[in-house]
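What follows is each chain in one-letter form.
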Amino acid sequence: MKSLLNFLKNWTLPAAIATGIVVYSIFFWVPALDAVGERLEGVFDTILPLFMGMILFTTFCRVDFHRMRLHRWHVWVTVAQVLLVAITAAVILGYRLTGRALIGMEGVLTCIIGPGAAAAAVVTSKLGGNLESMTTYTFLSNFVTALLVPLIFPLIDPDVTMTFWKSFLLILYKVCLVLVLPMVAAYVVKHWMHRLHRLILGIEDLSFYMWGISLSIVTGVTVKNIVHADTTWSFLLTLAVLAAVLCMMQFAVGRYIGHFFDATIESGQGLGQKNTAFAIWIAYTYLNPLSSVGPGCYILWQNAVNSLELWHRRKKAANPVNNPVKS
């Protein structure tokens, strides 16, 4: 039992992904569970946003709000994101893509234009990065996405009729629900509810393990969407490969930018780890719904990268003489 617990502790993210796949597969292959699955789907749709809010709340309880400020890597990672968005949009418009080619590039675009993941701060902290710097970037990237989406999407999809300000305010509203409310709650608890604050801080890696649970739910939903996608398996495989290449590229570019500012961990997570739930939402809202398979696959790839990073971190920590852990 102890060895099993240690395994789950060290490999929380892969175990969460595997759990999500296995549980969905059981419901998929056992018709008697169809009614239960339909009820659980509604439950998960309701609790998942609340659960993500709790994850951020417990994370923000550890943030020193006085240390939250803009850093130079924030600027350059944002510039990289904007350039990648512009290049992707230029390819779509320049080649006048249609059909599956357009859907594939829309999937790529949503994976790029999506903001930094709310859980990026959780993983960054586990990797030994700067929690406050990552939290600041999370807010910045969500604001940038709120600006880019209503500017870019009407250009590539003429059917997008939502005005700039309506789209901008809609995205900001979602950002406030997901990010601002948990931060305000954490600020209140940290400054005026000291006993509760100490209790939360006393539970080691609470937000990380909560993220593992939510990842199981998100993985199950992602696999369901992929299985029920109205297209061929060869095209789904193409979308999955595109998401994998894009994931590796964004992590690599982010880490390259970060090494100039002694922020390799933060910059890599900032550009590479995306809020894929948000990316899926904007794909369904503004583009061809099938393009949501791209960010759906991206969540699996980015958590595979996170798992490797955490494994490498543990390996270096276990050999401090031969492999000193760098900040």
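Data block above holds the structure.
Residues numbered from 1 in each chain as written. Predicted model: local features only at pLDDT ≥ 70, side-chain atom pairs only at ≥ 80, totals over all residues. Heavy atoms only, no water.

Chemist: Help me understand the overall build of the chain in this model?
Modeler: Each helix and strand in the chain was counted, giving 14 helices and 0 strands. N-terminal to C-terminal, the α/β element order of the chain is α-α-α-α-α-α-α-α-α-α-α-α-α-α. Over its C-alpha atoms the chain spans a radius of gyration of 20 Å, differing by no more than 12% from the 20 Å that the globule rule assigns to 327 residues. Over its C-alpha atoms, taken along the principal directions, the chain stretches across nearly 55 × 55 × 45 Å. (Helix = DSSP H or I, 4+ residues; strand = E, 2+ residues; numbered from the N terminus. Rg over C-alpha atoms; globule rule 2.2 N^0.38 Å.)

Chemist: Any chance you could explain the side chain of S214 here in plain terms?
Modeler: Structurally, the position occupied by S214 is in helix α10 (residues 206–227). Accessibility expressed as a relative area gives 0% for S214, which makes it buried. Setting aside residues no more than four positions away along its own chain, S214 makes contact with L48, F51, M52 and I55. (Buried < 20%, exposed > 50% of the residue type's maximum accessible area, 1.4 Å probe, protein only. Contact = heavy atoms within 4.5 Å.)

Chemist: Help me out: how do you make sense of a nonpolar patch on the surface in this one?
Modeler: Together, V180, V184, Y187, V188, W192, M193, L196 and L199 line one region of the surface with nonpolar side chains, adding up to about 720 Å² of accessible area. Elements with a minimum of two residues in the nonpolar patch: α8 (164–192) and α9 (194–201). The element best represented in the nonpolar patch is α8, accounting for 5 residues. Assignment of secondary structure puts L199 in helix α9. According to the relative accessible area criterion, L199 is exposed, its value standing at 54%. (Patch = residues over 30% accessible without salt bridge, like charges linked within 9 Å, V, L, I, M, F, W, Y side chains within 5 Å. Areas by Shrake-Rupley, 256 points an atom, 1.4 Å probe, with all protein chains shown as cover. Salt bridge = Lys/Arg side-chain N within 4 Å of Asp/Glu carboxyl O.)

Chemist: Whenever I open this one, the packing of helix α5 (residues 99–113) against helix α7 (residues 131–156) confuses me. Can you help?
Modeler: To characterise two packed helices, one gives the angle between the axes of the helices and the distance between these axes. Running from N to C, α5 and α7 cross one another at 165°; their axes reach a closest spacing of 11 Å. Comparing the axis directions of α5 and α7 gives the class roughly antiparallel. For the crossing formed where α5 meets α7, the hand is right-handed. In this structure, α5 uses L109, T110 and I113 to contact α7, whose residues at the interface are T145, L148, V149, I152, F153 and I156. Along the lines of polarity and charge, the residues of the contact of α5 with α7 split into 7 nonpolar, 2 polar and no charged. (Axes fitted to C-alpha atoms, helices over the stretch in contact; angles between N-to-C directions. Parallel < 35°, antiparallel > 145°, perpendicular 65-115°, else oblique. Left-handed = near helix turned anticlockwise from the far one by under 90°. Nonpolar A, V, L, I, M, F, W, Y, C, P; charged D, E, K, R; others polar.)

Chemist: Can you walk me through the nonpolar core in this structure?
Modeler: Looking at soluble globular proteins, one finds that nonpolar side chains tend to be buried together. Within the largest apolar cluster, 85 residues are counted, with the highest numbers of intra-cluster contacts made by F153, Y286 and V293. For this core, the element with the most residues is α7, which contributes 10 residues. Non-local contacts of Y286, meaning those with residues more than four positions away in its chain, are made with V149, F153, D157, V160, M162, S167, L170, I171 and W281. (Core = buried A, V, L, I, M, F, W, Y, C linked by side-chain atoms within 4.5 Å.)

Chemist: Please explain the packing of aromatic side chains as it appears in this structure.
Modeler: Two measures describe an aromatic ring pair: the distance that separates the ring centres and the angle between the ring planes. For the coordinates displayed, the defined rule picks out 15 aromatic pairs. The interplanar angle of 75° and the centroid separation of 5.7 Å between the aromatic rings of F153 and Y286 together place this pair among those described as edge-to-face. Taken together, the residues span a long stretch of sequence, with F153 in helix α7 and Y286 in helix α13 (residues 276–286) at a distance of 133 residues. The exposure classification of F153 matches that of Y286, with both residues buried. The ring of F208 carries the charged tip of K126 above its face, separated from the ring centre by 4.8 Å. A cation over a ring is seen here: R314 above W11, with NZ or CZ 4.9 Å from the ring centre. (Phe/Tyr/Trp six-rings, centres within 6.5 Å; stacked < 30°, edge-to-face > 60°. Lys NZ or Arg CZ within 6 Å of the ring centre and 35° of its normal.)

Chemist: How should the environment of M68 be read in this particular structure?
Modeler: Examined against the element boundaries, M68 turns out to sit in the loop between α3 (34–60) and α4 (72–94). We classify M68 as partly exposed; its relative accessible area is 24%. Along the backbone, M68 and L271 are 203 residues apart, and their C-alpha atoms lie at a distance of 19 Å. Not counting residues up to four positions away in its chain, the partners in contact with M68 are V63, E132, T135, T136 and M183.

Chemist: Honestly, unusual backbone geometry in this entry has me stumped. Any pointers?
Modeler: Glycine aside, the phi torsion of most residues is negative, and most peptide linkages are trans. Phi angles above zero are rare outside glycine, and R96 is one such case at about 50°. When you line up the elements, R96 lands in the loop between α4 and α5. Under the relative-accessibility criterion, R96 is labelled exposed at 72%. At D262, a residue that is not glycine, the phi angle is positive and equals roughly 55°. Tracing the chain through its elements places D262 in the loop between α11 (233–258) and α12 (264–272). Overall, the relative accessible area of 56% leaves D262 in the exposed class.

Chemist: Sorry, what's going on with the environment of L300 here?
Modeler: Topologically, L300 is positioned in helix α14 (residues 293–318). Setting aside residues up to four positions removed in sequence, L300 forms contacts with I17 and T219.

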